[in-house]
Amino acid sequence: MEFGDVVRRRRRVRSYRPDPVDAAAVDRVLDVARRGPSAGWTQSVSFVVVTAARTRAGVAALCNEDAYVARGFDPWLSRAPVHVVVCVSPQDYRMRYAAPDKIASAGPAGWEVPFWWVDAGAAVMLLSLAAVDEGLAAGFLDVADRAGLRRLLAIPREVAVVGLATLGHPSAEQRPSASLARGRRPLGDVVHRDRW
Ligand SMILES: Cc1cc2nc3c(=O)[nH]c(=O)nc-3n(C[C@H](O)[C@H](O)[C@H](O)COP(=O)(O)O)c2cc1C
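This text gives an overview of the structure that appears in the document. (Residues numbered from 1 in each chain as written. Predicted model: local features only at pLDDT ≥ 70, side-chain atom pairs only at ≥ 80, totals over all residues.)

## Quick word on the overall build of the protein
A count of helices and strands for the protein gives 8 helices and 4 strands. Element order for the protein, N to C, with α for helix and β for strand: α-α-β-α-α-β-α-α-β-α-β-α. C-alpha atoms of the protein, sized along the principal axes, occupy 55 × 45 × 30 Å. Look at the contacts in the protein between residues 6 or more apart in sequence, and 79% of them connect residues 24 or more apart. (Helix = DSSP H or I, 4+ residues; strand = E, 2+ residues; numbered from the N terminus. Contact = placed C-beta atoms within 7 Å.)

Right, here's the structure in full:
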């Protein structure tokens, strides 16, 4: 698919058909997702892929799916055939910037922006675009109970849970989020030329 079409077609999708996703397609999506840039080439972003129905139900409960369904939405997480927990370890950056080729840089201690979140965002975007390119769709959401998710999936303490991406075949009916009524900011509002 043309890059511009992939970008324009990407939407966060919260309703999936229950059919499983080909494991090779999931691997291709993750292979793209790991190709983003990272500060210091730390390459700390990692993914926990969950496909077992029972575990997905556990993840759904930790993300308060019941409350979401009670508001009239389709079950998003328990139905999405693939969950990808996006993780990153700030500790990896501290270690990377202590290496001989980086020791002259202030590193994370001097960063006004913790770049691990930037790197994780790049990975989420690549995952979302790769999903579209595979004929799939992705969603992304915050995790309500991070401690519970950490226990369920044995995620180490030093690894931060950035959020949960869902992958699957989009169902025909998508209920648009109220946020989209805001419309997209025009290019002229977003871009400042030569000065703010
Ligand atoms: C960092 C981030 C966090 C988000 N968290 C949630 C979330 O917790 N729940 C949710 O339903 N959507 C979440 N979204 C999806 C946004 O609401 C969605 O991307 C936005 O409304 C624009 O819609 P689009 O992605 O279809 O263009 C999140 C998106 C991003 C980038």
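## Quick notes on the sheet that holds strand β2 (residues 82–88)
To summarise the sheet geometry, strands pair through backbone hydrogen bonds and adopt either a parallel or an antiparallel arrangement. Taken together, the 4 strands give an open sheet; going across it, the order is β1-β2-β4-β3, and neighbouring strands pair in antiparallel fashion. A strand with exactly one partner marks an edge of an open sheet, and here the two such strands are β1 (46–50) and β3 (137–141). Taken over all neighbouring pairs, the strand axes of this sheet differ in orientation by 25° on average, direction set aside. When β2 meets strand β4 (residues 160–168), the two strands line up antiparallel, connected through 7 bridges. Bridge pairing links Val-86 to Gly-163 in β4. Packed onto the sheet, helix α3 (residues 53–62) meets β1, β2 and β4 and runs at close to 115° relative to β1. (Pairing = 2+ DSSP bridges. Axes fitted to C-alpha atoms, helices over the stretch in contact; angles between N-to-C directions.)

## A closer look at the pairing of β2
Counting buried residues in β2 gives 7 out of 7 residues, a clear majority hidden from the surface. Side-chain alternation along β2 places Val-82, Val-84, Val-86 and Val-88 on one buried face and His-83, Val-85 and Cys-87 on a second face that is also buried. In this sheet, β2 lies alongside β1 in antiparallel orientation, the contact comprising 5 bridges. The partner of Phe-47 across the bridge, within β2, is Val-86. (Buried ≥ 20, exposed ≤ 12 C-beta atoms within 10 Å, placed from the backbone.)

## Structural notes on the environment of Arg-182
Positionally, Arg-182 belongs in the loop between β4 and α8 (187–190). On the basis of neighbour counts, which here come to 8 C-beta atoms within 10 Å, the residue Arg-182 falls in the exposed class. Taking the C-alpha atoms as reference points, Arg-182 and His-169, separated by 13 residues in sequence, lie 26 Å from one another.

## Describing the nonpolar core
Val-59, Val-86, Leu-127, Ala-131 and Leu-167 are the most contacted members of the largest nonpolar core, which has 39 residues in total. Of all elements in the fold, only α2 (23–33), α3, β2, α6 (115–133), β3 and β4 reach the threshold of two or more residues within this core. Here the element with the most residues in this core is α6; it accounts for 8 residues. Other than its neighbours up to four places away in sequence, Val-59 contacts Val-50, Leu-77, His-83, Leu-149, Leu-152 and Leu-164. (Core = buried A, V, L, I, M, F, W, Y, C linked by C-beta atoms within 7 Å.)

## Describing α3
Turning to α3, its buried residues number three or more, namely Arg-56, Val-59, Ala-60 and Leu-62. Relative to the axis of α3, the buried residues are bounded by an arc of 160° and lie together on one face. Taken from the residues just after α3, Asn-64 is the one with a positive phi, measuring 60°. (Arc of directions from axis to C-beta.)

Take it as geometry only, folks, not as evidence of what the structure does.
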